Amino acid sequence: MSDFSIIPLYSGSSGNSTLIKAGDTNILIDAGKNCKHLVAALEAVGTAPEDIDDIFITHVHSDHIGALDVFIRKYPVRLYATEFSHRYLARKFVKPHPMTEDIRIREGGSVALNPDLTVSCCPTPHDAGGSVCYRIDYKGRSCAVMTDLGHITEDIREFAVGAHTVLLESNYDQRMLAFGSYPEDLKVRIAGDKGHLSNDDCADMMMHLIAKGTSDFILGHLSENNNTPEKAYHASVDYLARHSLIQGRDYSIKVANRHEPTTVTEIL
Ligand SMILES: [Zn+2]
Ligand SMILES: [Zn+2]
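Residues numbered from 1 in each chain as written. Chains lettered and ligands numbered in written order. Predicted model: local features only at pLDDT ≥ 70, side-chain atom pairs only at ≥ 80, totals over all residues. Heavy atoms only, no water.

J.: I would appreciate a short explanation of the overall build of the protein in the present structure.
T.: The helix and strand tally for the protein stands at nine helices and 14 strands. In terms of C-alpha radius of gyration, the protein reaches 17 Å, essentially the compact-globule figure of 18 Å for 268 residues. Considering only C-alpha atoms, the protein reaches an extent of 55 × 45 × 35 Å along its principal axes. Out of the 268 residues belonging to the protein, those deemed buried represent 55%. (Helix = DSSP H or I, 4+ residues; strand = E, 2+ residues; numbered from the N terminus. Rg over C-alpha atoms; globule rule 2.2 N^0.38 Å. Buried < 20%, exposed > 50% of the residue type's maximum accessible area, 1.4 Å probe, protein only.)

Pasting the structure below:
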């Protein structure tokens, strides 16, 4: 068993939280849904909520912060977010949170949680101010959590280079979105430069990362109405096969579950 692992607790437009275990430190990236659901998911994977040390927030859309206010009142965690997100949370939530320490993380900056463990962030093009994605480096290995990406910027392409494991957004199937029931303005927002990443764009990013050494992928933040796990999976596997990259040989892939924890991915 590796001392470094990533476990999506739930992932999708209905709520997101990802547990990262690095030695004795337990990190959450985002805290969507509600506190009860988050605690149940943590307990299902054998982690007590009291044992969460740090929560990093990517941005303040409700599918990423729904559990946050209640969770940080009940459990002593350090909360990391960008300046914009902190200001938003301070307005939205009843302050102060007596047991927590709020820490601002600079967009593009990083924080060393201990001598072996560093969390870095990179700005993401998304329709919430102060949006970032995160990379976690531990004892020479690394993983990244990259969702809510309107498109892949040059900074994002470089940010995950060298990460062994990447949780990457595969939000929508272009045909399902185009022919689905969403109003036109919402379709434009989702597919826009500050919306979400399509299955095809995800596959293209995967090809780039595989060439740079990433071996394990978790597809996440799937749309409930404009995607299916099968479509997301096949869009990437088929695209990569057309470029002679074979699943199981050149890389591995799994799709994160929407409502319950996904199997542990050890970062080796
Ligand atoms: Zn969002
Ligand atoms: Zn989201």
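J.: Explain the packing of helix α8 (residues 199-211) against helix α9 (residues 229-242) here, please?
T.: Between α8 and α9, the shortest axis-to-axis distance is 9 Å and the interhelical angle comes to 45°. Of the possible angle classes, the one that applies to α8 and α9 is oblique. Between α8 and α9 the crossing geometry is right-handed. The segment α8 lies against α9, with Asn199, Asp200, Cys202, Ala203, Asp204, Met206, Met207 and Ile210 engaging Lys231, Ala232, Ala235, Ser236, Tyr239 and Leu240. Per-class residue counts for the contact of α8 with α9 are nine nonpolar, two polar and three charged. (Axes fitted to C-alpha atoms, helices over the stretch in contact; angles between N-to-C directions. Parallel < 35°, antiparallel > 145°, perpendicular 65-115°, else oblique. Left-handed = near helix turned anticlockwise from the far one by under 90°. Contact = heavy atoms within 4.5 Å. Nonpolar A, V, L, I, M, F, W, Y, C, P; charged D, E, K, R; others polar.)

J.: Please clarify how the coordination of the zinc ion (ligand 2) should be interpreted in this entry.
T.: Ideal values for angles at a metal depend on the geometry: 109.5 degrees with four tetrahedral donors, 90 or 180 degrees with six octahedral donors. For the zinc ion (ligand 2), the full set of protein donor atoms is Asp63 (OD), His64 (NE2), Asp148 (OD) and His221 (NE2), and the range of their distances to it is 2.1 to 2.2 Å. Binding-site remark: the zinc ion (ligand 2) is held by donors from one chain whose sequence spacing is D-H-x83-D-x72-H. In this structure the zinc ion (ligand 1) is found 3.3 Å away from the zinc ion (ligand 2), and aspartate 148 serves as a bridging donor for the pair. Here histidine 221 lies in the loop between β12 (216-220) and α9 and aspartate 148 lies in the loop between β10 (141-146) and α5 (154-159), a separation of 73 residues in the sequence. For histidine 221, a relative accessible area of 1% corresponds to the buried category. (Donors = N, O, S within 2.8 Å, 3.2 Å for Na, K, Ca; no water.)

J.: Just checking my understanding: could you explain the nonpolar core for this structure?
T.: In globular proteins that are soluble, nonpolar side chains generally tend to be buried together. Core analysis: the largest hydrophobic core is formed by 29 residues, its most contacted members being Met146, Val166, Leu168, Met206, Phe217 and Tyr251. Ranked by residue count, the leading element in this core is α8, at six residues. Residue contacts for methionine 206: discarding those within four places in its chain leaves Leu168, Phe217, Leu219, Ser236, Leu240, Tyr251 and Ile253. One finds Leu9, Tyr10, Ala67 and Phe71 within the second-largest nonpolar core, a separate group that totals 26 residues. (Core = buried A, V, L, I, M, F, W, Y, C linked by side-chain atoms within 4.5 Å.)

J.: I would appreciate a short explanation of the sheet that holds strand β13 (residues 252-255) in the present structure.
T.: Hydrogen bonding along the main chain pairs the strands of a sheet, whether they run parallel or antiparallel. In spatial order, the strands read β7-β8-β9-β10-β11-β12-β13; together these seven strands make up an open sheet with mixed pairing. Pairing within the sheet leaves two strands with one partner each, and these edge strands are β7 (110-114) and β13. Strand-to-strand twist in this sheet, taken as the mean axis angle between neighbours without regard to direction, amounts to 20°. The pairing of strand β8 (residues 117-123) with strand β9 (residues 132-138) spans seven bridges and is antiparallel. Pairing of valine 119 across the sheet is with isoleucine 136, part of β9. (Pairing = 2+ DSSP bridges.)

J.: I keep staring at the coordination of the zinc ion (ligand 1) and nothing clicks. Help me out?
T.: At the metal site, the zinc ion (ligand 1) is ligated by His59 (NE2), His61 (ND1), His126 (NE2) and Asp148 (OD), and these contacts range over 2.1 to 2.5 Å. Geometry at the zinc ion (ligand 1) is irregular, judged from the four donor atoms that bind it and their angles of 90 to 171° at the metal. In the primary sequence, the donor residues of the zinc ion (ligand 1) line up as H-x1-H-x64-H-x21-D. Its relative accessible area of 1% is what places aspartate 148 among the buried residues. (Tetrahedral: all angles 85-135°; square planar, octahedral: opposite > 155°, others 65-115°.)

J.: Would you mind showing me how to read the pairing of strand β2 (residues 17-22) here?
T.: Along a regular strand, successive side chains alternate from one face of the sheet to the other. Of all six residues in β2, five are buried; the element is thus mostly enclosed. Summarising the sheet, strand β1 (residues 4-10) and β2 pair through six bridges and their orientation is antiparallel. From the neighbouring strand, serine 5 faces β2, where its bridge partner is lysine 21. Connecting β1 to the antiparallel partner β2 that follows it, the hairpin turn spans six residues, and glycine 12 within it adopts a positive phi of roughly 150°. As defined by bridge partners, β2 adjoins strand β3 (residues 25-29) across five bridges and the pair is classed as antiparallel. Counterpart to threonine 18 in the pairing with β3 is isoleucine 29. Connecting β2 to the antiparallel partner β3 that follows it, the hairpin turn spans two residues, and glycine 23 within it adopts a positive phi of roughly 60°.

J.: Help me understand the packing of aromatic side chains in this model?
T.: For any pair of aromatic rings, geometry is given as the distance between the ring centres together with the angle between the planes. Counted according to the given criterion, the structure contains five aromatic pairs. Between phenylalanine 71 and tyrosine 75, the ring centres sit 4.7 Å apart and the planes meet at 45°, which makes this aromatic pair tilted. Across the pair, tyrosine 75 and phenylalanine 71 agree in class, each one buried. An aromatic cluster is present here, built from Phe56, Tyr80 and Tyr134 joined pairwise through their rings. The ring of tyrosine 10 has lysine 33 lying over it, and the distance from NZ or CZ to the ring centre is 5.5 Å. (Phe/Tyr/Trp six-rings, centres within 6.5 Å; stacked < 30°, edge-to-face > 60°. Lys NZ or Arg CZ within 6 Å of the ring centre and 35° of its normal.)

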